[in-house]
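One letter stands for each residue in the lines below.
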Amino acid sequence: TWTLGPALPGIRGVFDPFDEKNLTKMGDLFSKSVAEQADDPLLIGYFLDNEQGFEDIPRAIPALPGKHACKRELVARLQAKYKEIAAFNTAWGLDAVSFEALAERGLPLTTQDAFADMQAYTEHFIDAYYRSITSAFRKVDKNHMLIGNRWQPGTANSETLCRVAGTYMDVIS
């Protein structure tokens, strides 16, 4: 296993896939540690991580400050959807003065629209997460499997996580 970036606060073992520093670090790590094994016929594949907290994404990311790229990505998606801050405030039951202000405040999920928006964002996040890993990995090794993650039953209960990760990983347990 590798440490592909610092874990996001409140999300056990999950790095920010929207942070360019993490993506660069991952590419460098794979080019050093994976490339030299790329033609090894005795190697089956690579395991990613153990018991990560993907189920915490919808709760944790809205609470993060704007220094996290994933929070800025959430705000950008909300602005693209709602266009006007008044429409966002109505949907989420908040009183934000601007979309820019959303990055630095906690965004509690108290309405059906907020829950639906976070469900859509969670799928977007998971897709970016696994896409970034697979892209960086396949640049240096096209011969071995990405064995993926081991999830706890509560984590693996997510249809979204299983569907999205399954499009990128060869094996998940």
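One structure accompanies this document, and this report is about it. (Residues numbered from 1 in each chain as written. Predicted model: local features only at pLDDT ≥ 70, side-chain atom pairs only at ≥ 80, totals over all residues. Heavy atoms only, no water.)

## Structural notes on the packing of aromatic side chains
On inspection of all chains with the given rule, the structure shows 13 aromatic pairs. A centroid spacing of 5.5 Å and a plane angle of 70° characterise the contact between tyrosine 46 and phenylalanine 137, whose relative ring orientation is edge-to-face. Of this pair, tyrosine 46 sits in strand 1 (residues 45-50) while phenylalanine 137 sits in helix 6 (residues 112-140), placing them 91 residues apart in sequence. By the ring-pair criterion, three or more aromatic residues cluster together here, those being Phe15, Phe54, Tyr129, Tyr130 and Trp151. (Phe/Tyr/Trp six-rings, centres within 6.5 Å; stacked < 30°, edge-to-face > 60°. Helix = DSSP H or I, 4+ residues; strand = E, 2+ residues; numbered from the N terminus.)

## Quick word on the nonpolar core
Formed by 50 residues in total, the largest nonpolar core has its most connected members in Phe54, Ile61, Phe88, Trp92, Phe125 and Tyr130. Within the residue set of this core, elements represented by two or more residues are helix 1 (20-33), strand 1, helix 2 (57-60), helix 3 (69-82), helix 4 (85-92), helix 5 (99-102), helix 6 and helix 8 (159-168). (Core = buried A, V, L, I, M, F, W, Y, C linked by side-chain atoms within 4.5 Å. Buried < 20%, exposed > 50% of the residue type's maximum accessible area, 1.4 Å probe, protein only.)

## Some points on helix 8
Buried within helix 8 are the following residues: Thr160, Leu161, Val164, Ala165 and Tyr168. One side of helix 8 holds all its buried residues, which, seen down the axis, span an arc of 105°. Next to the buried residues of helix 8 lie helix 6, strand 2 (145-150) and helix 7 (153-156). (Arc of directions from axis to C-beta. Contact = heavy atoms within 4.5 Å.)

## Some thoughts on the packing of helix 6 against helix 8
Running from N to C, helix 6 and helix 8 point in directions that differ by 25°, and their axes come no closer than 9 Å. Judged by the angle between their axes, helix 6 and helix 8 are roughly parallel. Where helix 6 crosses over helix 8, the two elements pack in a sense that is right-handed. Counting all contacts with helix 6, which are made through Glu123, Ile126, Asp127, Tyr130, Arg131 and Thr134, the residues of helix 8 involved are Thr160, Leu161, Arg163, Val164, Ala165 and Tyr168. Its residues assigned to classes, the contact of helix 6 with helix 8 shows six nonpolar, two polar and four charged. (Axes fitted to C-alpha atoms, helices over the stretch in contact; angles between N-to-C directions. Parallel < 35°, antiparallel > 145°, perpendicular 65-115°, else oblique. Left-handed = near helix turned anticlockwise from the far one by under 90°. Nonpolar A, V, L, I, M, F, W, Y, C, P; charged D, E, K, R; others polar.)

## A word on a nonpolar patch on the surface
On the surface, a cluster of nonpolar side chains totalling about 240 Å² of accessible area is made up of Ile44, Met145 and Val171. With respect to the helices, strands and loops of the structure, valine 171 is situated in the segment after helix 8. (Patch = residues over 30% accessible without salt bridge, like charges linked within 9 Å, V, L, I, M, F, W, Y side chains within 5 Å. Areas by Shrake-Rupley, 256 points an atom, 1.4 Å probe, with all protein chains shown as cover. Salt bridge = Lys/Arg side-chain N within 4 Å of Asp/Glu carboxyl O.)

## Considering the side chain of aspartate 16
Considering the arrangement of structural elements, one finds aspartate 16 in the segment before helix 1. The side chain of aspartate 16 sits in the buried core without any salt bridge; arginine 72 is the nearest counter-charge, 6.5 Å away. Within polar-contact distance, the side chain of aspartate 16 engages the backbone nitrogen of cysteine 70 at 2.9 Å. (Lys, Arg positive; Asp, Glu negative; His and termini not counted. Polar contact = N/O pair within 3.5 Å; in protein donor to acceptor, adjacent residues only side chain to side chain.)

## Side note on unusual backbone geometry
In this model, glutamate 51 sits at a positive phi of 50°, which is unusual for a non-glycine residue. According to the relative accessible area criterion, glutamate 51 is partly exposed, its value standing at 34%. Unusually for a residue other than glycine, lysine 83 sits at a positive phi of about 65°. Mapped onto the elements, lysine 83 comes out in the loop between helix 3 and helix 4.

## Considering the pattern of salt bridges
For the structure shown, the criterion picks out seven salt bridges. In this structure, arginine 131 engages aspartate 127 in a salt bridge whose closest nitrogen and oxygen atoms are separated by 2.9 Å. Within this pair, arginine 131 and its partner aspartate 127 are both found in helix 6, separated by four residues, close to a single helical turn. Looking at aspartate 127, the relative accessible area reads 23%, which means it is partly exposed.

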